[in-house]
Amino acid sequence: MSKISKLFKGSSGSSSSSSSKSKHHRSKGGPSPQEAIHRLRETEEMLTKKQEYLEKRIEQEIATAKKHGTKNKRAALQALKRKKRFEQQLTQIDGTLSTIEFQREALENSHTNTEVLKNMGFAAKAMKQVHQNMDVDKIDDLMQDITEQQDVAREISEAISGPFGEEFDEDELLAELEELEQDDLEESMKSMGGLPSVPSSKLPSSHPSRATTKKRVEEDDDMRMLASWGT
């Protein structure tokens, strides 16, 4: 063997060993979820195209069988056999697609759950870091101080909005006002000469007596009788 062939052989051997090492290293780490999902999607697309091809071939074989019919039974039967094989392949592809789709969805859900848990753990660490510098006792004292200051502010507001000067009893003021009005009324009566005297004699009644009414009725009857005689 020549030196050149030995050189190429050695280089090919070293390259194959390095490639096998890289493959072994990749298989040891395992594919990422994104890579696996991408591979599954590519497989789905390939099988979908295969489905479309088989459906077209089935239509072609049906057309061929109809074309030959009873005139060329051998060709028609061969076309129907091919159609049956294509239909079997189509059924197998349908089952394979269902399995791949289920696997892809499960992988996507697992990847989503992993990312969610990862983010939740990250948020929990951040929250722990925030609460690390907080003291519950100090927070209670702070809230108590805030409550006390609010009470002080409310008392100050009530003091500012209250009336200034002396306070008087309103009932006493009303009683004094009533006495002043009574004194004023008495002074007015005195200046007018006092109240008018009430008559002692009994006033005549405005209604006529029963005897007067009876006499007036008799006179009216006599006058009507005289008037009738004159006519």
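Residues numbered from 1 in each chain as written. Predicted model: local features only at pLDDT ≥ 70, side-chain atom pairs only at ≥ 80, totals over all residues. Heavy atoms only, no water.

Caption draft 1: Here's a closer look at the overall build of the protein. Summing up its helical and strand segments, the protein has six helices and zero strands in all. Listing the helices and strands of the protein from first to last along the sequence gives α-α-α-α-α-α. Expressed as a percentage of its 231 residues, the buried residues of the protein come to 9%. For the protein, the share of sequence-separated contacts (at least 6 apart) that also reach a separation of at least 24 residues comes to 77%. (Helix = DSSP H or I, 4+ residues; strand = E, 2+ residues; numbered from the N terminus. Buried < 20%, exposed > 50% of the residue type's maximum accessible area, 1.4 Å probe, protein only. Contact = heavy atoms within 4.5 Å.)

Caption draft 2: Region of interest: the pattern of salt bridges. The tally for this structure, following the rule as stated, stands at nine salt bridges. Between Arg 82 and Glu 61 there is a salt bridge, with its nearest N and O atoms 2.9 Å apart. A residue pair is termed long-range when its members are at least 10 positions apart, and Arg 82 in helix H3 (residues 73-132) and Glu 61 in helix H2 (residues 33-68) qualify at 21 residues. Given a relative accessible area of 25%, Arg 82 falls into the partly exposed group. Under the relative-accessibility criterion, Glu 61 is labelled buried at 5%. In this structure, Glu 87 and Lys 83 form a salt bridge, with 2.9 Å as the shortest nitrogen-oxygen distance. Remark: Lys 83 and Glu 87 occur in helix H3; sequence separation between them is four residues, near one turn of the helix. Here Lys 83 falls in the buried class, since its relative accessible area comes to 11%. (Salt bridge = Lys/Arg side-chain N within 4 Å of Asp/Glu carboxyl O.)

Caption draft 3: Fine view of the nonpolar core. The biggest cluster of nonpolar side chains holds nine residues, and these are Leu 40, Leu 47, Leu 54, Ile 58, Phe 86, Leu 90, Ile 93, Leu 97 and Ile 100. Among the secondary structure elements, those contributing two or more residues to this core are H2 and H3. A per-element tally of this core places H3 first, with five residues. Among all residues touching Ile 93, those that are not within four sequence positions of it are Leu 47, Lys 50, Gln 51 and Leu 54. (Core = buried A, V, L, I, M, F, W, Y, C linked by side-chain atoms within 4.5 Å.)

Caption draft 4: Highlighting the environment of Ala 106. Along the chain, the position of Ala 106 falls in helix H3. Judged by relative accessible area, which is 34%, Ala 106 ranks as partly exposed.

Caption draft 5: The confidence of the model for the protein, seen in detail. Averaged over the protein, the pLDDT score is 77; the fraction of residues at 70 or greater is 70%. The least confident element of the protein, judged by mean pLDDT, is helix H1 (residues 3-29) at 46; the most confident is H2 at 92. In this model residues 1-27 is a low-confidence stretch, pLDDT under 50, and it forms one contact with partners more than four residues away in sequence or in other chains. (pLDDT = per-residue confidence, 0-100.)

Caption draft 6: Highlighting the environment of Ser 110. Turning to its location among the elements, Ser 110 is positioned in helix H3. For the pair Ser 110 and Pro 33, spaced 77 residues apart in sequence, the C-alpha separation works out to 8.8 Å.

Caption draft 7: Spotlight on a nonpolar patch on the surface. A cluster of nonpolar side chains, contributed by Val 130, Met 134, Ile 139, Leu 142, Met 143 and Ile 146, occupies part of the molecular surface with about 540 Å² of accessible area. The greatest single-element share of the nonpolar patch, amounting to four residues, is contributed by helix H4 (residues 136-161). As for its placement among the helices and strands, Val 130 is situated in helix H3. (Patch = residues over 30% accessible without salt bridge, like charges linked within 9 Å, V, L, I, M, F, W, Y side chains within 5 Å. Areas by Shrake-Rupley, 256 points an atom, 1.4 Å probe, with all protein chains shown as cover.)

Caption draft 8: Structural detail: a negative patch on the surface. There is a patch of like negative charges on the surface, built from Asp 169, Glu 170, Asp 171, Glu 172, Glu 176, Glu 178, Glu 179, Glu 181, Asp 183, Asp 184, Glu 186 and Glu 187. Mapping Asp 183 onto the fold places it in helix H5 (residues 170-191). With a relative accessible area of 43%, Asp 183 lands in the partly exposed category. (Lys, Arg positive; Asp, Glu negative; His and termini not counted. Charge placed at Lys NZ, Arg CZ, Asp CG, Glu CD.)

Caption draft 9: Structural context of the side chain of Glu 44. When you line up the elements, Glu 44 lands in helix H2. At 2.8 Å, the side chain of Glu 44 forms a polar contact with the side chain of Arg 104. Beyond its immediate chain neighbours, meaning those up to four positions away, Glu 44 contacts Leu 97, Ile 100, Glu 101 and Arg 104. (Polar contact = N/O pair within 3.5 Å; in protein donor to acceptor, adjacent residues only side chain to side chain.)

Caption draft 10: Main features of H2. With 36 residues, H2 should cover 52 Å at 1.5 Å per step; its first-to-last C-alpha distance of 52 Å lies within 8% of that length. Of all the residues in H2, the buried ones are Ile 37, Leu 40, Glu 44, Leu 47, Gln 51, Leu 54, Ile 58, Glu 61 and Ala 65. Taken together, the buried residues of H2 touch H3. (Expected span 1.5 Å × (residues − 1).)

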